[in-house]
Amino acid sequence: MGFGRLLKHVLFGPIPLRRSFTKITLERITKAIEEAETKTSAEFEVVIERSLPYSYLRDRLSTRDRAEELFSQYRCWDTEDNNGVLIYLNLSDQAIEIIVDRAASRVLTPELLAEIIKKMSQSFKTNNFATGIKHAVLQMGEILGKEFPNKPVSKPLPNEPILLEH
């Protein structure tokens, strides 16, 4: 385990999530998800984590590994059209990961996702978390809406962001 990374996550991690992600910020993100989901049958989940769990640090796992686990844990893969999307933020590593289900990956290519993440990163540098997430969700909703138009969803994911503090 890298000692510097451990310190960053355990001792010198970012300020508590509730300071960066206020009630108003979370409501703005929720509204963006609701708006995007009016255009597509795709389901969006946003998970924001202060730092990686100790087991991930010990085993030298990446934020991508964590995002993939959360994609499964929160059942983002369990959509009728296989078009679930998880946006994962890890504040200690200043990492953004977007995991898309297999059908959504036909439309949301790695190149497109890299572009979306780059734009999100620019917003985050000025602490505009809600703006960065909102634009990303709305852009993906527009793109996915062409392939997967809106229709009733039998098992919708919650629209509220999930905050994980360790």
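Residues numbered from 1 in each chain as written. Predicted model: local features only at pLDDT ≥ 70, side-chain atom pairs only at ≥ 80, totals over all residues. Heavy atoms only, no water.

A count of helical and extended segments in the protein chain gives seven helices and four strands. When the elements of the protein chain are put in sequence order from the N terminus, they spell out α-α-α-β-α-α-β-β-α-α-β. Of all 166 residues assigned to the protein chain, the portion counted as buried reaches 51%. Counting every atom, the protein chain has about 8500 Å² of accessible surface; 53% of that belongs to carbon and sulfur. (Helix = DSSP H or I, 4+ residues; strand = E, 2+ residues; numbered from the N terminus. Buried < 20%, exposed > 50% of the residue type's maximum accessible area, 1.4 Å probe, protein only. Areas by Shrake-Rupley, 256 points an atom, 1.4 Å probe, with all protein chains shown as cover.)

In this section: the nonpolar core. Grouped together as the largest cluster of nonpolar side chains are 37 residues, with contacts concentrated most on F21, M120 and M140. For this core, the secondary-structure elements that each account for two or more residues are α3 (23-36), β1 (43-49), β2 (84-90), β3 (95-100), α6 (110-125) and α7 (129-147). Top element by residues in this core is α7. It accounts for nine residues. For F21, the contacting residues outside a window of four places in its chain are L26, I29, I48, L89, L91, F129, I133 and L163. By size, the runner-up hydrophobic cluster in this structure holds 14 residues, among which are Y56, A67, L86 and I162. (Core = buried A, V, L, I, M, F, W, Y, C linked by side-chain atoms within 4.5 Å. Contact = heavy atoms within 4.5 Å.)

Among the six residues that make up β3, six are buried, leaving the element largely enclosed by the rest of the structure. Residues of β3 alternate between two faces, with A95, E97 and I99 on one and I96, I98 and V100 on the opposite face, all of them buried. As defined by bridge partners, β2 adjoins β3 across six bridges and the pair is classed as antiparallel. When the sheet's bridge partners are listed, L89 is paired in β3 with I96. (Pairing = 2+ DSSP bridges.)

Summed over all chains, the structure comprises one cavity of 30 Å³ or more. Looking at the largest cavity, its volume works out to about 30 Å³. S41, E80, D81, N83, K151, P152 and V153 are the residues that line the largest cavity. Of the residues assigned to the lining of the largest cavity, the class counts are two nonpolar, two polar and three charged. (1 Å grid on protein atoms, 1.4 Å probe; cavity = no way out; pocket = protein on both sides within 12 Å on 5 of 7 lines; lining within 4 Å. Points joined across faces, edges and corners; volume = space filled by probe spheres on them. Nonpolar A, V, L, I, M, F, W, Y, C, P; charged D, E, K, R; others polar.)

This part is about the packing of α3 against α7. Geometry of a packed helix pair, given as the angle between the helix axes and the separation of the axes. Viewed as axis vectors pointing N to C, α3 and α7 meet at an angle of 5°, and their least axial separation amounts to 9 Å. When the axes of α3 and α7 are compared, the pair comes out roughly parallel. On α7, the residues that touch T25, R28, I29, A32, I33, E35 and A36 of α3 are A130, T131, I133, K134, V137, L138 and G141. Residue composition of the contact of α3 with α7, grouped by class: eight nonpolar, three polar and three charged. (Axes fitted to C-alpha atoms, helices over the stretch in contact; angles between N-to-C directions. Parallel < 35°, antiparallel > 145°, perpendicular 65-115°, else oblique.)

Before going further, it helps to examine the packing of aromatic side chains. Scanning the entire structure with this criterion turns up two aromatic pairs. Taken together, a centroid distance of 4.8 Å and an interplanar angle of 40° make the contact between F21 and F129 tilted. Of the two residues, F21 is situated in the loop between α2 (17-20) and α3 and F129 in helix α7; the sequence distance between them amounts to 108 residues. Across the pair, exposure class does not vary: F21 and F129 are buried alike. Of the aromatic side chains, those joined through ring pairs into one cluster are F21, F124 and F129. The positively charged end of R66 is found above the aromatic ring belonging to Y56, 5.4 Å away from the centroid. (Phe/Tyr/Trp six-rings, centres within 6.5 Å; stacked < 30°, edge-to-face > 60°. Lys NZ or Arg CZ within 6 Å of the ring centre and 35° of its normal.)

This part is about the side chain of E45. Its place among the elements puts E45 in strand β1. No salt bridge is formed by the buried E45. Its closest oppositely charged neighbour is R75, at 10 Å. When neighbours within four sequence positions are excluded, E45 is seen to be in contact with Y74, C76, V85, L86, I87, L157, P158, E160 and I162. (Lys, Arg positive; Asp, Glu negative; His and termini not counted. Salt bridge = Lys/Arg side-chain N within 4 Å of Asp/Glu carboxyl O.)

Quick look at the layout of surface pockets now. Counted as a void, the largest pocket has a volume near 320 Å³. What lines the largest pocket is a set of 13 residues, and nearest its centre among them are L91, Q94, F124, K125 and F129. Of all the secondary-structure elements, those providing two or more residues to the lining of the largest pocket are β2, β3 and α6. Looking at the lining of the largest pocket element by element, the count peaks at three residues for α6.

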